[in-house]
Structures are given as structure tokens and as C-alpha cells.
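What follows is each chain in one-letter form.
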Amino acid sequence: MSLKKVAFPYYQVKKGENLKIVSQKFGVDSTKILLDNQMSPKQIKEGAFILLKK
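Below or above, wherever it landed, is the structure these notes cover.

### Describing a nonpolar patch on the surface
Turning to step 1, where the next piece is worked out: Taken together, the side chains of Phe8, Tyr10 and Phe49 define a hydrophobic patch exposed on the protein surface, amounting to about 350 Å² of accessible area.
Turning to step 2, where the next piece is worked out: Within the element layout of this structure, Phe8 appears in the segment before β1 (10–12).
Turning to step 3, where the next piece is worked out: A relative accessible area of 57% means that Phe8 is categorised as exposed.

Written out as C-alpha cells, the structure is:
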């Protein structure tokens, strides 16, 4: 029996990253990231899990 790897739809923000860096890295509009996650820009900091939809 083999196990299939399931894609994890969330990204964990790494040290030194902020909303601007994450949005540029994945090519997703920063406003869309905030609305999809119902977060403020200050909440997107190291260790936070955010959903990235394209």
C-alpha cells in the first residue's frame, strides 16, 4: 500500500517575511491574501499560516 502526498494549501510565513514579500514571491495580490485569510497586515508575521489561492 502506498501513501499519496496531499498538497497542503497553506504557507507558513518564515522569519523576515512580510505581506509584501509573500505576495511578490507567489504572484498573488496582497489584498486578496488579506481577504482570503481575514487577517490584517500586522497579523502576517513569522509563524503565521496563510492560505494562498490564485
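Having seen the structure, we can now continue with the description.
### Observations concerning unusual backbone geometry
Turning to step 1, where the next piece is worked out: A positive phi angle, close to 50°, is found at Gln38, a residue other than glycine.
Turning to step 2, where the next piece is worked out: As for its placement among the helices and strands, Gln38 is situated in the loop between α2 (30–37) and β2 (49–51).

### Points about the side chain of Glu17
Turning to step 1, where the next piece is worked out: Along the chain, Glu17 turns up in the loop between β1 and α1 (19–26).
Turning to step 2, where the next piece is worked out: Looking at Glu17, the relative accessible area reads 14%, which means it is buried.
Turning to step 3, where the next piece is worked out: At a separation of 3.0 Å, a polar atom in the side chain of Glu17 contacts the main-chain amide nitrogen of Lys14.
Turning to step 4, where the next piece is worked out: Setting aside residues no more than four positions away along its own chain, Glu17 makes contact with Tyr11, Val22 and Lys25.

Rules used throughout
- Residues numbered from 1 in each chain as written.
- Predicted model: local features only at pLDDT ≥ 70, side-chain atom pairs only at ≥ 80, totals over all residues.
- Heavy atoms only, no water.
- Patch = residues over 30% accessible without salt bridge, like charges linked within 9 Å, V, L, I, M, F, W, Y side chains within 5 Å.
- Areas by Shrake-Rupley, 256 points an atom, 1.4 Å probe, with all protein chains shown as cover.
- Salt bridge = Lys/Arg side-chain N within 4 Å of Asp/Glu carboxyl O.
- Helix = DSSP H or I, 4+ residues; strand = E, 2+ residues; numbered from the N terminus.
- Buried < 20%, exposed > 50% of the residue type's maximum accessible area, 1.4 Å probe, protein only.
- Polar contact = N/O pair within 3.5 Å; in protein donor to acceptor, adjacent residues only side chain to side chain.
- Contact = heavy atoms within 4.5 Å.

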